[in-house]
Amino acid sequence: MHEAPAEAPVIVEVRAVDKTYDSGTCALLGVDLDVRRGEFLTLVGPSGCGKSTLLALIAGLSRPTGGRLRWWSAGFSHTGGTGRRISFVFQAPTLMPWASVTTNVRLPLSLAGMPRAKTRARVEAALARVHLTAFGDHLPRQLSGGMQMRASIARALVTEPDLLLMDEPFGALDEFTRQRLDGELLALWSAQQMTVMFVTHSIHEAVFLSTRVAVMAAHPGRILDTWTIDEPYPRSDAFRVSTTFAQHAQRLSACVAEAGADALPDAEPAA
Amino acid sequence: MNRHRSQQALRVLAPMFVAIVFLAAWQAFVTVKAIPPYIVPSPSLVAHTLYADRVLLLGALRVTIGIALIALALATLLGILTALLFVQSRWIEMSLFPYAILLQVTPIVAIAPLIIIWVRDTRVALILCATVVAVFPVISNTTLGLRSVDRGLIDFFRLSRATRWQTLWRLRVPSALPYFFGGLRIATGLALIGAVVAEFVAGTGGQGAGLAYQILMSGIQLNIPRLFAALVLIALAGVAMFAATVLVSRVALARWHESELRHES
């Protein structure tokens, strides 16, 4: 059901996209990518390869300097025009420190002008999905790092997004918390039938989570290759220690290493 | 908890101890050296004068505090409005900020005579002078605060298609509060200083006379104990006003901001 077969409709189309910053840094060069409905697509690669830049472009937070993007085959207006929703989870929880968890989670709904009475059920449902029901009245600082991240995910889920973009969401957490949240995220992805684009620099995390992995290289940022992780869901902790997991991780490692090596000649002065 | 309470007690007792030692030394010095009260009055004589001249001095204190408080309120209002204007665009800020600095670096003693000439009502003139002195920290701190917003939250508001007004009211204003209160603390002291200094220049008299006038007159009449008593009142008023702003900021920020959190360890 979540295999996201090749014929699943393309929801985001990235064609020959370049992004050059005003400083002259070329963050992305000639990126092509199709995001298909229902897939869990992960971007991995060395730092500076433009993973986050690509995610910000897809979110509509910045515009490409070349090429084009299409959302739901409907052109540039990606949320207003098509009624589709994109949510974003950042590297940090980015919660409002002065507001309770409930108010933080309600934020996207209240910004959209939804009356408070109507939001209650949705906020409660979102909190329940990330196991924070008992913490609605707490302030962010009263929660652990992992719980803050779950609150941030609840805030992203409350709009029932069609596409969830996550930019190294668990990068700052310890390994145990990260593994637990990875598992919870997969369960949410199954239950919500949404599409997830996930950025990480952890190969193991990429293998564990994804239906497909795009490996990126730096200088300039580009996509080297995409891999399908053809393993059934739900994926348990047993999958982490299986031989197939190790094989996938090894293949991916080799590819990422190649991506790093690829950048070397560029970094050294021409002979 | 117990430890916290003893900390709290120390916070009150330690400065009190310093005051007692200081006053005792002062009293002893004046008595032993037989220094005449028109040079340095003893603390007991100052206390006695404070009581004997209470009607005159408290009346003057009321005038000065009234001017300082109105000036503080005006400075807060004008400061916030100016800061809100500044953050609307970099162009506005770049064009106007130098003039805010100009206002800040020009000594009030130099512009007070002008204001007093232009504004007929002395009380209004004094309020204006004190406002000019107090407004700058509110402007600069609030502007800084309105700009110091978490980058990620700004992006989140953009993604949620928040209006300019929503971003201002629900994100920038709460983020700016700690900075604003920092500015308010400075402005409180400046408003009082402004009220006193302006009165020195204006030279009021009769009904509307504040503490500065009393100090001036006491100096001319060599009534040094009364001069000291007036100084004590100004100092106490300043401390009280400062404490009030600290309290307000504590109530407003206690729940979430680092500066007001009691770290449990």
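Thresholds applied
- Residues numbered from 1 in each chain as written.
- Chains lettered and ligands numbered in written order.
- Predicted model: local features only at pLDDT ≥ 70, side-chain atom pairs only at ≥ 80, totals over all residues.
- Heavy atoms only, no water.
- Helix = DSSP H or I, 4+ residues; strand = E, 2+ residues; numbered from the N terminus.
- Buried < 20%, exposed > 50% of the residue type's maximum accessible area, 1.4 Å probe, protein only.
- Contact = heavy atoms within 4.5 Å.
- Expected span 1.5 Å × (residues − 1).
- Bend = angle between axes of the 7 residues up to and from the residue.
- Polar contact = N/O pair within 3.5 Å; in protein donor to acceptor, adjacent residues only side chain to side chain.
- Core = buried A, V, L, I, M, F, W, Y, C linked by side-chain atoms within 4.5 Å.
- Domains from an automatic or database assignment.
- Buried area = accessible area lost by both parts, 1.4 Å probe.
- Salt bridge = Lys/Arg side-chain N within 4 Å of Asp/Glu carboxyl O.
- Nonpolar A, V, L, I, M, F, W, Y, C, P; charged D, E, K, R; others polar.

Before going further, it helps to examine the overall build of chain A. Looking only at helices and strands, chain A features eight helices and nine strands. Evaluated residue by residue, chain A yields a buried proportion of 54% over its 271 residues. Considering only intrachain contacts with a sequence separation of at least 6, the fraction spanning at least 24 residues in chain A is 70%.

Further remarks concern helix H6 (residues 122–147) of chain B. Residue and element names in this part refer to chain B. Helix length check: H6 (26 residues) gives 38 Å between terminal C-alpha atoms against 38 Å at 1.5 Å per residue, within 8%. The largest bend in H6 is about 35°, located at alanine 134, with the proline proline 137 one to four residues further on. H6 sits mainly inside the fold: 19 of its 26 residues count as buried. Of the residues that open H6, the one with a side-chain oxygen 2.9 Å from the backbone nitrogen of arginine 123 is aspartate 121.

Moving on to the nonpolar core. Residue and element names in this part refer to chain A. Val14, Leu54, Ile58, Leu165 and Met197 are the most contacted members of the largest nonpolar core, which has 59 residues in total. Each of domain 1 (10–85 + 161–260) and domain 2 (96–160) contributes no fewer than three residues to this core. Excluding its chain neighbours within four sequence positions, the residues that come into contact with isoleucine 58 are Val12, Val14, Leu69, Trp71, Ile86, Leu163, Leu165 and Met197. Of all hydrophobic cores here, the second largest spans 51 residues; its members include Phe170, Leu173, Tyr233 and Phe245.

Attention shifts here to the side chain of serine 202 of chain A. Residue and element names in this part refer to chain A. Residue position: serine 202 is located in the loop between strand S7 (195–199) and helix H6 (203–209). Here serine 202 falls in the buried class, since its relative accessible area comes to 16%. Each residue touching serine 202, except ones within four places of it in the same chain, is listed here: Val44 and Arg178.

Right, let's talk about the domain arrangement of chain A for a bit. Residue and element names in this part refer to chain A. What the domain assignment reports for chain A is domain 1 (10–85 + 161–260) and domain 2 (96–160). Every contact between the two is made by 15 residues of domain 1 and, on the other side, twelve residues of domain 2. Carbon and sulfur atoms supply 70% of the area that domain 1 and domain 2 bury against each other, a total of about 1100 Å² over both sides. When residues of domain 1 are sorted by the area they lose upon contact with domain 2, Pro161, Leu188 and Gln192 head the list and together hold 38% of the total.

With 21 residues of chain A in contact, the opposing surface of chain B contributes 20 residues. Both sides together, the interface formed by chain A and chain B hides about 2000 Å², and carbon and sulfur atoms give 65% of it. Along the contact surface separating chain A from chain B lie zero salt bridges. Among the elements that make up the side of chain A that touches chain B, the one with the highest residue count is helix H2 (residues 101–111) of chain A (five residues). A per-class count over the side of chain A that touches chain B returns twelve nonpolar, seven polar and two charged.

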